[in-house]
Amino acid sequence: MELYLDLFSQPCRSVYMFAKKNNIPFEFKQLSLLDGEQYGEEFGKISLIRKVPALRDGDFCLAESIAILLYLAEKFKTPDFWYPDDLQQRARINEYLSWQHMAIRMHGSKMFWLRLLIPKVLGVDVPQDKLDAALEDLNSSLKLIEEKFIQDRPFIAGEHVSLADLVAIVEVMQPVGSGLDVFEGRPRLSAWRDRVQEAIGKELFDDAHQAILGAQESVKQMSTSKIHLFKPKIQKLFM
Ligand SMILES: N[C@@H](CCC(=O)N[C@@H](CS)C(=O)NCC(=O)O)C(=O)O
């Protein structure tokens, strides 16, 4: 089984940590987003969506991180706590997985683009009012993670780490990669991060997050010959 991943990407990190933590055998197929490899002919055969993560298991190809996580959980019969049979615990996880795409994922990614990638690609600093508005959106998602999804529980589904925490932590870490410390002044979020890190194992957590935490340096060194690949997308999304 092959997993196409770039650990700069949040959903790739959740899939990577899940596979590693559960000793699922896979071949790591590195796909460099900053080099535009998602647009290449070979990857088009794996996923027409042209986004990572993507999975190939024999003739079977699958895109979308949540679908991939569930496929791995079911195929490899991972421990129940990741995606419990219990109706309400599972519903709690599904609730988070359904919410996150258009909330923390969108706002955390936007922060990363505005603070790091746009200045590099377009050669301009993003106006302060845009940054402030994006920060406000991000803060409202982080508040919901604390007050609705974590509350006073150790993990999103209750007593044990689950797919919801894995999918959440990678998104919460994305703005951190752009130099924004989202944990400052948020003791509940920080304590939850520590529990998730401990449940995953610090070594694996650090391994998965090494690239994103070094992103400020990598983006500085990003090849300018590839920059044209990102301009249309950036202009469409943010300008
Ligand atoms: N909903 C998808 C999102 C995947 C996604 O947006 N991947 C990004 C990296 S985080 C990507 O590959 N982007 C490449 C591009 O848009 O060109 C999932 O959860 O897998």
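See the structure above.
What you see is a predicted model, and the numbers here were worked out from it, not measured in a lab. (Residues numbered from 1 in each chain as written. Predicted model: local features only at pLDDT ≥ 70, side-chain atom pairs only at ≥ 80, totals over all residues.)

K.L.:
Could you give me a rundown of the overall build of the chain, with the residues and numbers involved?
P.N.:
Looking only at helices and strands, the chain has 10 helices and four strands in total. A compact globule built from 239 residues should have a C-alpha radius of gyration of about 18 Å, and the chain, at 18 Å, falls within 12% of that. Dimensions of the chain along its principal axes, counting C-alpha atoms only, are 50 × 45 × 30 Å. Sorting the 239 residues of the chain into buried and exposed places 36% on the buried side. If you take every contact in the chain between residues at least 6 apart in sequence, the share linking residues at least 24 apart comes to 71%. (Helix = DSSP H or I, 4+ residues; strand = E, 2+ residues; numbered from the N terminus. Rg over C-alpha atoms; globule rule 2.2 N^0.38 Å. Buried ≥ 20, exposed ≤ 12 C-beta atoms within 10 Å, placed from the backbone. Contact = placed C-beta atoms within 7 Å.)

K.L.:
Before we move on, could you go through the pairing of strand β3 (residues 54-57) and cite the residues and values that matter?
P.N.:
Each regular strand shows side chains that alternate between the opposite faces of the sheet. Bridge count for strand β1 (residues 2-5) against β3 is three bridges, and the pairing is antiparallel. Its bridge partner being in β3, Y4 is matched across the sheet by A54. Bridge analysis of β3 against strand β4 (residues 60-63) gives four bridges, and the strand direction is antiparallel. Directly across from L55, in β4, lies its bridge partner L62. Where β3 hands over to β4, the hairpin turn is made up of two residues, of which G58 adopts a positive phi near 65°. (Pairing = 2+ DSSP bridges.)

K.L.:
Break down the nonpolar core for me, with residues and values.
P.N.:
Counting 58 residues, the largest nonpolar core has L5, V15, I93, I156, L163, A164 and A168 as the members making the most contacts within it. For this core, the element with the most residues is helix α4 (residues 87-122), which contributes 12 residues. Summarising the domain contributions, this core has at least three residues from each of domain 1 (2-78) and domain 2 (82-238). Setting aside anything within four residues of it in sequence, one finds I156 in contact with R92, I93, Y96, F149, I150, S162, A164, D165 and A168. (Core = buried A, V, L, I, M, F, W, Y, C linked by C-beta atoms within 7 Å. Domains from an automatic or database assignment.)

K.L.:
Run through the site of the ligand, naming residues and quoting values.
P.N.:
With respect to spatial proximity, the complete set of residues near the ligand consists of S9, Q10, P11, L33, Q38, R50, K51, V52, P53, E64, S65 and I66. Tallied by class, the residues present in the shell around the ligand amount to five nonpolar, four polar and three charged. (Near = placed C-beta within 6 Å. Nonpolar A, V, L, I, M, F, W, Y, C, P; charged D, E, K, R; others polar.)

K.L.:
Describe the packing of helix α1 (residues 10-21) against helix α6 (residues 163-177), and please don't skip the residues or the numbers.
P.N.:
Taken N-terminus to C-terminus, the directions of α1 and α6 make an angle of 140°; their axes are 8 Å apart at the nearest point. Taken together, the axes of α1 and α6 are oblique relative to one another. At the point where α1 passes α6, the crossing takes the right-handed sense. Residues Q10, R13, S14, M17 and F18 of α1 form the contact with α6, whose participating residues are L166, V167, V170, E171 and Q174. (Axes fitted to C-alpha atoms, helices over the stretch in contact; angles between N-to-C directions. Parallel < 35°, antiparallel > 145°, perpendicular 65-115°, else oblique. Left-handed = near helix turned anticlockwise from the far one by under 90°.)

K.L.:
Explain the sheet that holds β4 to me, using residue names and the numbers behind them.
P.N.:
Read from one edge of the open sheet, four strands run β2-β1-β3-β4, paired in mixed fashion. Two strands close off the open sheet at either side, each with one partner strand: β2 (27-30) and β4. Across this sheet, the average inter-strand angle for adjacent strands is 20°, counted without regard to direction. Bridge count for β1 against β2 is four bridges, and the pairing is parallel. Across the sheet, the residue bridging to L5 is Q30, located in β2.

These figures capture arrangement, not role.
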